[in-house]
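Listed below, chain by chain, are the residues.
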Amino acid sequence: MDPQSQTTSLQRLQNVEKRIVRVLELAGGVMDEMANPSGPRKELVNSHCSEFMQSVKDIQMTLREEIKSACEYRPFEKCDYVPRISNEICCKKLEYVIAQVDEIKRTIDEYSEA
């Protein structure tokens with residue numbers, strides 16, 4: 001699949017939004033047609049209802065796919081931040097312990113000389 005035909009999740013959701021607007025327009029058209037004083041035109045109502053149902057199915061399918069995709073998305077799965085920070089903390093603790101041991105050694109040396 002070439003990059004131009006690929007769409008992002010946001011683009012797909014924006015298309016769903018446009019289709020929802022179209023579905024509402026269809027519903028409004030059917031309501032207008034039903035309120036027509038000369039009676040509704042059957043073929044127009046059938047056409048609008050068919051398009052409405054197909055659009056609702058398409059919207060449901062797209063939203064279901066987007067929800068599934070969002071549930072599978074784990075942006076921090078390969079992130080090494082936690083182990084790296086943990087490592088840095090351990091290094092700082094070791095530096096502190098080494099400094100304390102050096103201080104103890106210095107104190108022992110001073111005590112021995114006295």
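Residues numbered from 1 in each chain as written. Predicted model: local features only at pLDDT ≥ 70, side-chain atom pairs only at ≥ 80, totals over all residues. Heavy atoms only, no water.

An unreviewed UniProt entry lists the protein under the name Mediator of RNA polymerase II transcription subunit 11, from Salvia divinorum. Under the heading Subunit (unreviewed entry), UniProt records this for the protein: "Component of the Mediator complex." For the protein, the Subcellular location (unreviewed entry) comment in UniProt is given as "Nucleus". (UniProt positions renumbered as here; feature names shortened; annotations may be inferred.)

Visitor: It is not clear to me how the overall build of the protein should be interpreted in this structure. Could you clarify?
Guide: Across its full length, the protein carries 3 helices and 0 strands. If you list the helices and strands of the protein from N to C, you get α-α-α. Compactness check: the protein gives a C-alpha radius of gyration of 34 Å against a globular reference of 13 Å for 114 residues, more than 25% above the reference. Projected onto its principal axes, the C-alpha positions of the protein cover 115 × 35 × 20 Å. A total of 114 residues make up the protein; the buried ones form 11% of that total. Sequence separation of at least 24 residues holds for 62% of the intrachain contacts in the protein that already meet a minimum separation of 6. (Helix = DSSP H or I, 4+ residues; strand = E, 2+ residues; numbered from the N terminus. Rg over C-alpha atoms; globule rule 2.2 N^0.38 Å. Buried < 20%, exposed > 50% of the residue type's maximum accessible area, 1.4 Å probe, protein only. Contact = heavy atoms within 4.5 Å.)

Visitor: Mind showing me how you'd approach the environment of Thr-62 here?
Guide: Relative to the elements of secondary structure, Thr-62 occurs in helix H2 (residues 42–72). Accessibility expressed as a relative area gives 11% for Thr-62, which makes it buried. Spatially, the C-alpha atoms of Thr-62 and Leu-13 are 8.1 Å apart, while their sequence positions differ by 49 residues. Those residues within four positions of Thr-62 in sequence are excluded, and the remaining contacts are Arg-12, Val-16 and Arg-19.

Visitor: Would you mind going over the confidence of the model for the protein with me for this structure?
Guide: Any segment with low pLDDT has predicted coordinates that should not be analysed in fine detail. The predicted model of the protein averages 85 in pLDDT, with 90% of residues at 70 or higher. Within the protein, the element-level pLDDT minimum falls on helix H3 (residues 81–113), averaging 87, and the maximum on helix H1 (residues 9–34), averaging 91. Low confidence marks residues 1–5, where pLDDT is under 50. Its contacts with residues over four positions away, or in another chain, come to 1 contact. (pLDDT = per-residue confidence, 0-100.)

Visitor: Would you explain the pattern of salt bridges in this entry?
Guide: If charged atoms from side chains of opposite charge come close, those side chains can pair. Per the stated rule, a full pass over the model turns up 7 salt bridges. Here Arg-106 makes a salt bridge to Glu-110, at a shortest N to O gap of 2.3 Å. Remark: Glu-110 and Arg-106 occur in helix H3; sequence separation between them is 4 residues, near one turn of the helix. Classification of Arg-106 as partly exposed rests on a relative accessible area of 39%. You can call Glu-110 partly exposed: its relative accessible area is 44%. (Salt bridge = Lys/Arg side-chain N within 4 Å of Asp/Glu carboxyl O.)

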